[in-house]
Protein chains: 4
Amino acid sequence: MQSNIEEKQTMKSFTPYTHTVSYYETDKMGVVHHSNYIRWFEDARLHFLECAGYPYTEMESDGIMIPVHSVTCSYKNAVRFGDTIKINLKIASFNGFRFKIEYTVTAADTDELRAVGSSEHFFTDMSLKPVRTEKKYPKIFEVFAEYIGKDL
Amino acid sequence: MQSNIEEKQTMKSFTPYTHTVSYYETDKMGVVHHSNYIRWFEDARLHFLECAGYPYTEMESDGIMIPVHSVTCSYKNAVRFGDTIKINLKIASFNGFRFKIEYTVTAADTDELRAVGSSEHFFTDMSLKPVRTEKKYPKIFEVFAEYIGKDL
Amino acid sequence: MQSNIEEKQTMKSFTPYTHTVSYYETDKMGVVHHSNYIRWFEDARLHFLECAGYPYTEMESDGIMIPVHSVTCSYKNAVRFGDTIKINLKIASFNGFRFKIEYTVTAADTDELRAVGSSEHFFTDMSLKPVRTEKKYPKIFEVFAEYIGKDL
Amino acid sequence: MQSNIEEKQTMKSFTPYTHTVSYYETDKMGVVHHSNYIRWFEDARLHFLECAGYPYTEMESDGIMIPVHSVTCSYKNAVRFGDTIKINLKIASFNGFRFKIEYTVTAADTDELRAVGSSEHFFTDMSLKPVRTEKKYPKIFEVFAEYIGKDL
């Protein structure tokens, strides 16, 4: 029944991904090496899938992977060892075949902007062959369709 | 004498940066983790500086750093453990204050495309404060100005 | 007053460092790359310093670093993407000049053993010159002396 | 003919693994992060397998992996961005079932010592189940048996 589904969905709790910077993530410039933001985006989108009730481990068990087609990141203010950042994200587009996520990295304590970025992905099978999800993988389709354009 | 200097510059040999993929650069998808391309771009631009006769260690000794303002990468074909890739680059823009580099990653043996990307940078002093190079750091200015738009 | 100090120290809460495995920490063998345990040991000892009331950021502000003199790790059971591990540690030795920490990595949910390891460190100033802490850095000396041999 | 095989083996050229330090391998201490040596050991042993005529990609194709059972590293002198190091190694023990490799890291230009370390490994199948190589994988057995105790 529709009302039950809505109730269940309302109960999902989306917390932004948070991360406290490790010493090994810094470089000799004294701040976080820029490549780590790309890794944090991955952490954040897999955290989203878990919050959405469909962890990536389950997606892999179902035979689907989401390799990265492109990434972008604009660095606004340096992040340092010991800082805690949080990442809010939004599914900017999704058509059952590919999707794009946008990320906003802020200081967890002050909400000051640290970086913004994006990533595009295809759905593929375990041999990296593209897959359409709408009919064959309705659970995946629904998870993404449900959250398009929402600020999470 | 001017003619000698020109001759010397002509003799600089630009070899594209090459890299053989380490096992630790792969992930459980069986291919190179996408964050490593961002690291290879860094290797490639520091390799360029060395080829251009102005290694980054010298730039740091001169008090200048080039933190990353933005990065992009589009992944075209997976790179695997043991593969050797090469990276050609081009200084797409430079105004003495900031610059942009574009990268092309290909298979070293077949020249097949693997990825394209870019990075934007500011020149800063050691406290990450932006710096204009034209008058204060003519050596840096000349290195970048000389190679704008050239396919290296 | 001595009694107040003791009371405050008793109230320090030592929680073992916990970590949920990121996708980028895996390799094509499908499990966590072994080098990451060495990084987790670092996370765990800096977490200890924070629990002990003397965060590493403060130690660095005081002009002291603790570079690694040696590491060991014995891998018992593979750790996989999505697993949460916890690390208990013990200061095995400390003489004001150098110290050794032992680590035990277990599955956070089942307490099953994943790995054991150790690291040895010197105290140094910011130019990596060894330093004796007892007289010049009594706060550091006390933090380490207080916890020698305790299972944390 | 036996003599030809011997001749061919004599002609194998063992070059020590060399590596020029990337910027992203440093940390805010200004030197290479200690975890990277563990990664270089891996690079060095896979380089050995290639020199020995049996690349790891071929070993994996044959269904065999060599996960790490333990590692150790003692750090002697810091390695910095731009430095080139070389790694000599020795198969310290091998019984067809497990093996141990010892590594010596030196500055490529001066031969000054930077670190020593070791790693122990099992041979396993692709599901990480231990495997004895002597009868089932004679090629692997021979490669390791041939080089026991030799300084490479």
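Everything below is about the structure printed above this text.
Below or above, wherever it landed, is the structure these notes cover.

About the cut-offs
Residues numbered from 1 in each chain as written. Chains lettered and ligands numbered in written order. Predicted model: local features only at pLDDT ≥ 70, side-chain atom pairs only at ≥ 80, totals over all residues. Axes fitted to C-alpha atoms, helices over the stretch in contact; angles between N-to-C directions. Helix = DSSP H or I, 4+ residues; strand = E, 2+ residues; numbered from the N terminus. Parallel < 35°, antiparallel > 145°, perpendicular 65-115°, else oblique. Contact = placed C-beta atoms within 7 Å. Nonpolar A, V, L, I, M, F, W, Y, C, P; charged D, E, K, R; others polar. Least-squares fit on C-alpha atoms with pLDDT ≥ 70 in both.

Where helix α2 (residues 35-51) of chain A contacts helix α2 (residues 35-51) of chain B, the two axes come as close as 8 Å, and the packing angle between them is 170°. Looking at the two axes, α2(A) sits roughly antiparallel to α2(B). Of the residues in α2(B), those in contact with S35(A), I38(A) and R39(A) of α2(A) are S35(B), I38(B) and R39(B). Classifying every residue of the contact of α2(A) with α2(B) by side-chain character gives 2 nonpolar, 2 polar and 2 charged.

Turning next to the interface of chain B and chain D. Taken together, the contact between chain B and chain D spans 11 residues of the former and 11 residues of the latter. For the side of chain B that touches chain D, the element with the most residues is α2(B), which contributes 4 residues. Here the side of chain B that touches chain D is built from residues that sort into 5 nonpolar, 3 polar and 3 charged.

Residues and elements named next belong to chain C. Among the structural elements, E120 can be located in strand β5 (residues 113-122). With 29 residues separating them in the primary sequence, E120 and I91 have C-alpha atoms 9.9 Å apart. Setting aside residues no more than four positions away along its own chain, E120 makes contact with H69, S70, R98 and K100.

Bringing the relation of the copies chain B and chain A into the picture now. Least-squares fitting of chain B to chain A yields an RMSD of 0.0 Å, with the superposition described by an axial translation of 0.0 Å and a rotation of 180°. Both chain copies can therefore be described as sitting about a two-fold axis. Rotation axis and chain B: the residue whose C-alpha lies nearest the axis is T72(B), separated from it by 2.1 Å.

Okay, the interface of chain B and chain A next. Contact residues are listed per partner, giving 17 residues for chain B and 17 residues for chain A. The set of elements that each furnish at least two residues to the side of chain B that touches chain A consists of α2 and β2 (68-75) of chain B. Here the element with the most residues in the side of chain B that touches chain A is β2(B); it accounts for 8 residues. Classifying every residue of the side of chain B that touches chain A by side-chain character gives 10 nonpolar, 6 polar and 1 charged.

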